[in-house]
Amino acid sequence: MDNRPIGIFDSGVGGLTVFKEIRTLLPNENLIYFGDTARVPYGNKSPVAVQKYSLEIAKFLEMQNVKMIIIACNTASALALSSLRNEVRIPIIGVIEPGVRAAIKSAHNNNIAVIGTKATISSGAYQNRIKRLRSSINVIAVPCPLFVPIVEENLMDTKIALDAMEMYLSDLKKTDIKSLILACTHYPLLKNQISKFFDNNINLVDSAYETAKEVKETLEARRISTEQETPGKESFFVSDSPETFSNIAANFLNRPIDGKCIFHPWAEI
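Criteria and cut-off values
Throughout, residues of each chain are indexed from 1 in the direction in which the sequence is written. Side-chain atom pairs in this predicted model are given and counted only at pLDDT of 80 or more, local residue features only at pLDDT of at least 70, and totals for whole chains, interfaces and linings cover all residues. With hydrogens and water excluded, all non-hydrogen atoms of the structure serve as input to the side-chain values. For the purposes of this entry, the term helix denotes a DSSP run of H or I that reaches at least four residues, the term strand denotes a run of E that reaches at least two, and both are numbered from the N terminus. A pair of strands is considered paired only if DSSP assigns at least 2 bridges between the two. Contacts between residues were defined by any pair of non-hydrogen atoms, one from each residue, lying within 4.5 Å. Lines fitted to C-alpha atoms define the axes here, with helix axes fitted over just the stretch in contact, and angles between the N-to-C directions of these axes take values from 0 to 180 degrees. Only protein chains enter the accessibility calculation, which uses a 1.4 Å probe; a residue is then buried when its area is under 20% of its type maximum, exposed when over 50%, and partly exposed in between. Two N or O atoms count as a polar contact when they lie within 3.5 Å, although within protein this holds only if one can serve as hydrogen donor and the other as acceptor, and sequence-adjacent residues are included solely when both atoms are side-chain atoms. In this analysis a 1.4 Å probe is tested at points of a 1 Å grid over the protein atoms alone, and where it fits but cannot get out there is a cavity; an open set with protein on both sides within 12 Å along at least five of seven lines is a pocket; lining residues have an atom within 4 Å of a point. Grid points are joined across faces, edges and corners, and a volume is the space filled by probe spheres set on the points. Residue polarity is assigned by list, with Asp, Glu, Lys and Arg as charged and Ala, Val, Leu, Ile, Met, Phe, Trp, Tyr, Cys and Pro as nonpolar; anything else, Gly included, falls into the polar class.

(A) Spotlight on the environment of P256. By the secondary structure assignment, P256 is in the loop between α11 (242–253) and β10 (261–263). Considered as a pair, P256 and V88 are 168 residues apart in the sequence and their alpha carbons are 32 Å apart.

Dropping the structure here:
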């Protein structure tokens, strides 16, 4: 048994969707979350930059003595997972594989849509993985780059968000797509708005729950689950704007994290 914490990182607040599911499924595990709020979004960055940022965060989490790292970011999972596994010795889990499996299970026809950042869509990670698992599926992929800053600025319930959906998703709405993968961990924070845009007539798939299940299975398989019976401790680190992060996190988690969010500028690492 292993009481060391699990490390979770994202480009900003979006990875809290994964954090929340892991906390629900594994209430006694200690968790450390890092949001790279100084460099969000990752979706418009080059693969080299995303790999560099991801390695810096992974090394920081290793310094916190974590036993596992979860890349709670689709862009980083698409562009940096392989390289991180070559650099870090502890288990690392991304969010793409669990999301793809969930989408295929829920697909009611041979059409699946994927929305994500420019980098995730351009990488073809979801499209290629879906095709490898089920070649008969038709995949429509649409980049929605403004969704991440909308979430980061807590503008989910504004006309700005609705206008962005009209711009990105209006053509998709005219198709017979019934299954839509939210291929960015920020996007579930827009889940209600996206569902409403599609007249509540579409199955929205996010990888958070499936990723949490894979974390639990990996802990058990490697025999590194915690032995403590008390609620797990939590720490939150950000690279900029801790107050903004704390406010959004409190709204999403339905509980305050005041006093727990630590500003950690990269210059000090």
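(B) Expanded view of the sheet that holds β10. Spatial strand order, β4-β3-β1-β2-β9-β10: six strands in an open sheet with parallel pairing. Here the strands that pair on one side only, and so sit at the sheet edges, are β4 (92–93) and β10. This element, helix α2 (residues 47–63), spans β1 (6–10), β2 (31–35), β3 (68–71) and β9 (234–238) of the sheet and lies at about 155° to β1.

(C) Layout of the side chain of E234. Looking at the secondary structure, you find E234 in strand β9. Judged by its relative accessible area of 15%, E234 falls in the buried class. Reaching out from E234, the side chain makes a polar contact with the side chain of R23 at a distance of 2.9 Å. Among the polar contacts listed, one links the side chain of E234 to the side chain of R255, at a separation of 3.0 Å.

(D) Molecular detail of the layout of surface pockets. Of the pockets and cavities examined, the largest pocket occupies roughly 250 Å³. At the level of elements, α3 (74–87), α4 (96–106) and α6 (125–133) are the ones that each hand at least two residues to the lining of the largest pocket. A class-by-class count of the residues in the lining of the largest pocket yields six nonpolar, three polar and five charged. Volume-wise, the second largest pocket comes out at about 150 Å³. In terms of lining residues, the second largest pocket is bounded by M156, D157, T158, K159, A161, L162, M165, Q193, K196 and F197. Within the residue set of the lining of the second largest pocket, elements represented by two or more residues are α8 (159–173) and α9 (191–197). Sorting elements by how many residues they give to the lining of the second largest pocket places α8 first, with four residues. Of the residues in the lining of the second largest pocket, the class split is five nonpolar, two polar and three charged.

(E) A look at the sheet that holds strand β5 (residues 111–116). Pairing is parallel in the open sheet, where four strands are placed in the order β6-β5-β7-β8. Each end of this open sheet is capped by a strand with a single partner; those strands are β6 (138–143) and β8 (203–205). Mean inter-strand twist for the sheet, computed between neighbouring axes without regard to direction, equals 25°. Two elements, β5 and strand β7 (residues 179–182), share three bridges in a ladder whose sense is parallel. Bridging across to β7, A113 finds its partner in L180.

(F) Local environment of unusual backbone geometry. Of note, the bond from V40 into P41 is cis; its omega dihedral lies within 30 degrees of zero at 0°. Unlike most non-glycine residues, N154 shows phi in positive territory, near 60°. Tracing the backbone through its elements, the reader meets N154 in the loop between α7 (147–152) and α8. Here the phi dihedral of N200 falls at roughly 55°; this positive angle occurs in a residue that is not glycine. Locating N200 in the fold gives a position in the loop between α9 and β8. By relative accessible area, which is 59% here, N200 ends up exposed.

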